[in-house]
Amino acid sequence: MSGALDAASWLLISAGGFFCVVGALGLLRMPDFYTRMHAASVTDTLGAGFMLAGLALQAGFTLVTAKLVLVGLLIFFASPTATHALAKAAMTRGLAPRLAGPRAEEEGPWKR
């Protein structure tokens, strides 16, 4: 494997790890359900996507790469769909998002 391809794959894997760590910190630091859910969805799509791309570069043009691409496509389509369904279920159950500012507290979360 060439040095440039090896460096590019490790750069992608490192970027994926960075996004996973940032998403994990976001899960701990965010104030409410909806912002935590956003942090988790970014972790799924960006972190896993970069890692899978780096692993595909490491594997070369093999059956492993085809499987990694299929896993990536599954994550690319299923993760945003699941996040949207989870947010819609939370809104249906009455979980209000936390809004900033005194005016939002006066009006209430549903009066906009």
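From a predicted model like this one, the values you see are computed outputs, not experimental measurements. (Residues numbered from 1 in each chain as written. Predicted model: local features only at pLDDT ≥ 70, side-chain atom pairs only at ≥ 80, totals over all residues. Heavy atoms only, no water.)

Help me out: how do you make sense of the overall build of the chain in this one?
Helices and strands together make up the secondary structure of the chain, namely four helices and zero strands. Start at the N end of the chain and walk to the C end: the helices and strands fall as α-α-α-α. Relative to its full complement of 112 residues, the chain shows a buried share of 21%. Accessible area for the chain stands at about 7,800 Å²; split by element, carbon and sulfur atoms hold 73% of it. (Helix = DSSP H or I, 4+ residues; strand = E, 2+ residues; numbered from the N terminus. Buried < 20%, exposed > 50% of the residue type's maximum accessible area, 1.4 Å probe, protein only. Areas by Shrake-Rupley, 256 points an atom, 1.4 Å probe, with all protein chains shown as cover.)

Got a minute to help me understand a nonpolar patch on the surface in this structure?
Among the surface-exposed residues, Val-69, Leu-70, Leu-73, Phe-76 and Phe-77 lie close enough to one another that they form a single nonpolar patch of about 530 Å² accessible area. In this structure, Leu-70 sits in helix 3 (residues 63–92). (Patch = residues over 30% accessible without salt bridge, like charges linked within 9 Å, V, L, I, M, F, W, Y side chains within 5 Å. Salt bridge = Lys/Arg side-chain N within 4 Å of Asp/Glu carboxyl O.)

Would you mind going over the packing of helix 2 (residues 33–59) against helix 3 with me for this structure?
In helix packing, the relevant descriptors are the interaxial angle and the interaxial distance, both defined with respect to the helix axes. Relative orientation of the contacting elements helix 2 and helix 3 amounts to 175°, with a least axis distance of 9 Å. On the basis of the axis angle, helix 2 is roughly antiparallel to helix 3. Classifying every residue of the contact of helix 2 with helix 3 gives 17 nonpolar, six polar and one charged. (Axes fitted to C-alpha atoms, helices over the stretch in contact; angles between N-to-C directions. Parallel < 35°, antiparallel > 145°, perpendicular 65-115°, else oblique. Nonpolar A, V, L, I, M, F, W, Y, C, P; charged D, E, K, R; others polar.)

Any chance you could explain the packing of aromatic side chains here in plain terms?
Under the counting rule described, the total for this entry stands at four aromatic pairs. Taking 5.7 Å as the distance between ring centres and 70° as the angle between the ring planes, the aromatic pair formed by Phe-18 and Phe-19 counts as edge-to-face. Residue Phe-19 is classed as partly exposed on the basis of its relative accessible area of 24%. By way of ring pairs, the aromatic residues Phe-18, Phe-19 and Phe-50 are connected into one cluster. (Phe/Tyr/Trp six-rings, centres within 6.5 Å; stacked < 30°, edge-to-face > 60°.)

Help me understand the packing of helix 1 (residues 3–29) against helix 2 in this model?
Across the interface, helix 1 lies against helix 2 with an axial gap of 8 Å and an inter-helix angle of 165°. Comparing their axes, helix 2 and helix 1 come out roughly antiparallel. Along this stretch, helix 1 crosses helix 2, giving a crossing that reads as left-handed. In the contact of helix 1 with helix 2, the residues fall into 18 nonpolar, nine polar and two charged. (Left-handed = near helix turned anticlockwise from the far one by under 90°.)

What exactly am I supposed to notice about helix 2 here?
The α-helix winds at 3.6 residues per turn, so residues separated by three or four positions along the chain end up facing the same way. Its 27 residues place the ends of helix 2 38 Å apart at the C-alpha level, agreeing with the 39 Å of an ideal helix rising 1.5 Å per residue. Buried within helix 2 are the following residues: Tyr-34, Met-37, Ala-39, Ser-41, Thr-43, Gly-47, Leu-52, Gly-54 and Ala-56. Buried residues along helix 2 sit against helix 1 and helix 3. Positive backbone phi, approximately 80°, marks Gly-60, located one or two places after helix 2. (Expected span 1.5 Å × (residues − 1). Contact = heavy atoms within 4.5 Å.)

Please clarify how the environment of Ala-8 should be interpreted in this entry.
Here Ala-8 lies in helix 1. The class for Ala-8 is partly exposed, based on a relative accessible area of 30%. In this structure, the C-alpha to C-alpha distance between Ala-8 and Gln-58, residues 50 residues apart in sequence, is 9.2 Å.

How should I be thinking about the side chain of Thr-83 in this particular structure?
Here Thr-83 is to be found in helix 3. Leave out the neighbours within four places in its chain, and Thr-83 touches Met-37 and Ser-41.

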